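Residues per chain are reported as follows:
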Amino acid sequence: RISRLVLPPPACAKRDVHRRKPQRREGHRAALQLPGSLARVVTDRVLFGAGEYGHAISGTLESVQAIERRDIVQLYEANYRPQDAAFILAGDITLAQAKKYAEDLFGAWKDPGNPPNEKAAAGTTTWKPTTLAIDMPDAGQAAVALSKPTIKSDSLDYYPALVANAALGTGFVSRLTRETRIKRDPIDAAG
């Protein structure tokens, strides 16, 4: 079963926006009490400054409070356009069926004619190492974030760096986790 999701036109009732705002704000408050979530927010700001990548994708308490229905509609009208979209189907389907689905679901979706939004410059151009510690005495665990501007995806080092990142610092099979949670866990050491 294929459904339309958000395209076109967006269903965005004012009452729905006002109903979701308190839910989103509460989610933010809860996330900021978790060391890992807080570390991600702070890391993005340190790496990218006030640029577009330095802001949490889900907003802040203040930005969620300030958003109104007209802001969502303006964003949609400025950025959601058929020439920038891809319709991808995978599975037991023929090209003829896929074309019919595309026409049925999106055939009426036309280019609005207004120019697309200009993309903002990404982040800062200079970067210097920074060490930051956030004291959360009541936290049940700590979070460690080691970040730097990334290797470009067309670099020969890109995929080896992804593997190194997974081996050294991402997830429960990483070296960092083995050292801090298994080998040096004070509860296990006392045990």
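Please read all numbers here as calculations on a predicted model, not as lab measurements.

A.B. asks: Is there a simple way to think about the overall build of the protein in this case?
C.D. replies: When helices and strands are tallied, the protein shows 8 helices and 0 strands. The order of α-helices and β-strands along the protein, N terminus first, is α-α-α-α-α-α-α-α. Per element, the accessible surface of the protein, about 15400 Å² overall, is 57% carbon and sulfur.

A.B. asks: Sorry if this is basic, but what is going on with the packing of aromatic side chains here?
C.D. replies: Any two aromatic rings considered together are summarised by their centre-to-centre distance and by the angle between their planes. Enumeration according to the criterion identifies 3 aromatic pairs in this entry. Both rings, one in Phe 48 and one in Tyr 53, keep their centres 5.8 Å apart while their planes meet at 55 degrees; by these two values the pair is tilted. Ring centres of Tyr 158 and Tyr 159 lie 5.0 Å apart, and the angle between their planes is 85 degrees; on these two criteria the pair is classed as edge-to-face. Its relative accessible area of 22% is what places Tyr 158 among the partly exposed residues.

A.B. asks: Help me understand the side chain of Thr 43 in this model?
C.D. replies: Relative to the assigned elements, Thr 43 resides in helix α2 (residues 35–48). Beyond its immediate sequence surroundings of up to four residues, Thr 43 is in contact with Ala 145 and Ser 147.

A.B. asks: Is there a simple way to think about a nonpolar patch on the surface in this case?
C.D. replies: There is a patch of nonpolar side chains on the surface, built from Val 46, Leu 132 and Ile 134 and spanning about 250 Å² of accessible area. With a relative accessible area of 42%, Ile 134 lands in the partly exposed category.

A.B. asks: Would you take a moment to explain the environment of Lys 110 for this structure?
C.D. replies: For Lys 110, the position within the fold is in the loop between α5 (95–106) and α6 (158–169). In this structure Lys 110 comes out as exposed when scored by relative accessible area, which is 57%. A C-alpha to C-alpha distance of 6.6 Å links Lys 110 and Pro 82, two positions 28 residues apart in sequence.

A.B. asks: Would you mind going over the pattern of salt bridges with me for this structure?
C.D. replies: Between side chains of opposite charge, a pair can form when the charged atoms approach closely. Summed over all chains, the structure comprises 4 salt bridges. One salt bridge connects Arg 19 with Asp 16, and the closest N-O pair in it is separated by 3.7 Å. Taken together, the residues span about one helical turn, with Arg 19 and Asp 16 both in helix α1 (residues 14–31) at a distance of 3 residues. The partly exposed category is assigned to Arg 19, whose relative accessible area is 47%. Owing to a relative accessible area of 30%, Asp 16 belongs among the partly exposed residues under this scheme.

A.B. asks: How do you make sense of α5 when you look at a structure like this?
C.D. replies: Along an α-helix, a turn takes 3.6 residues, which lines up residues three or four apart on a common side. Helix length check: α5 (12 residues) gives 16 Å between terminal C-alpha atoms against 16 Å at 1.5 Å per residue, within 8%. Along α5, the residues that are buried comprise Ala 98, Leu 105 and Phe 106. An end-on view of α5 places all buried positions within 70 degrees of arc, on one side of the element. Projecting away from the buried face of α5 at angles above 90 degrees are the exposed residues Ala 96, Lys 99, Lys 100 and Glu 103.

Rules behind the numbers
Residues numbered from 1 in each chain as written. Predicted model: local features only at pLDDT ≥ 70, side-chain atom pairs only at ≥ 80, totals over all residues. Heavy atoms only, no water. Helix = DSSP H or I, 4+ residues; strand = E, 2+ residues; numbered from the N terminus. Areas by Shrake-Rupley, 256 points an atom, 1.4 Å probe, with all protein chains shown as cover. Phe/Tyr/Trp six-rings, centres within 6.5 Å; stacked < 30°, edge-to-face > 60°. Buried < 20%, exposed > 50% of the residue type's maximum accessible area, 1.4 Å probe, protein only. Contact = heavy atoms within 4.5 Å. Patch = residues over 30% accessible without salt bridge, like charges linked within 9 Å, V, L, I, M, F, W, Y side chains within 5 Å. Salt bridge = Lys/Arg side-chain N within 4 Å of Asp/Glu carboxyl O. Expected span 1.5 Å × (residues − 1). Arc of directions from axis to C-beta.

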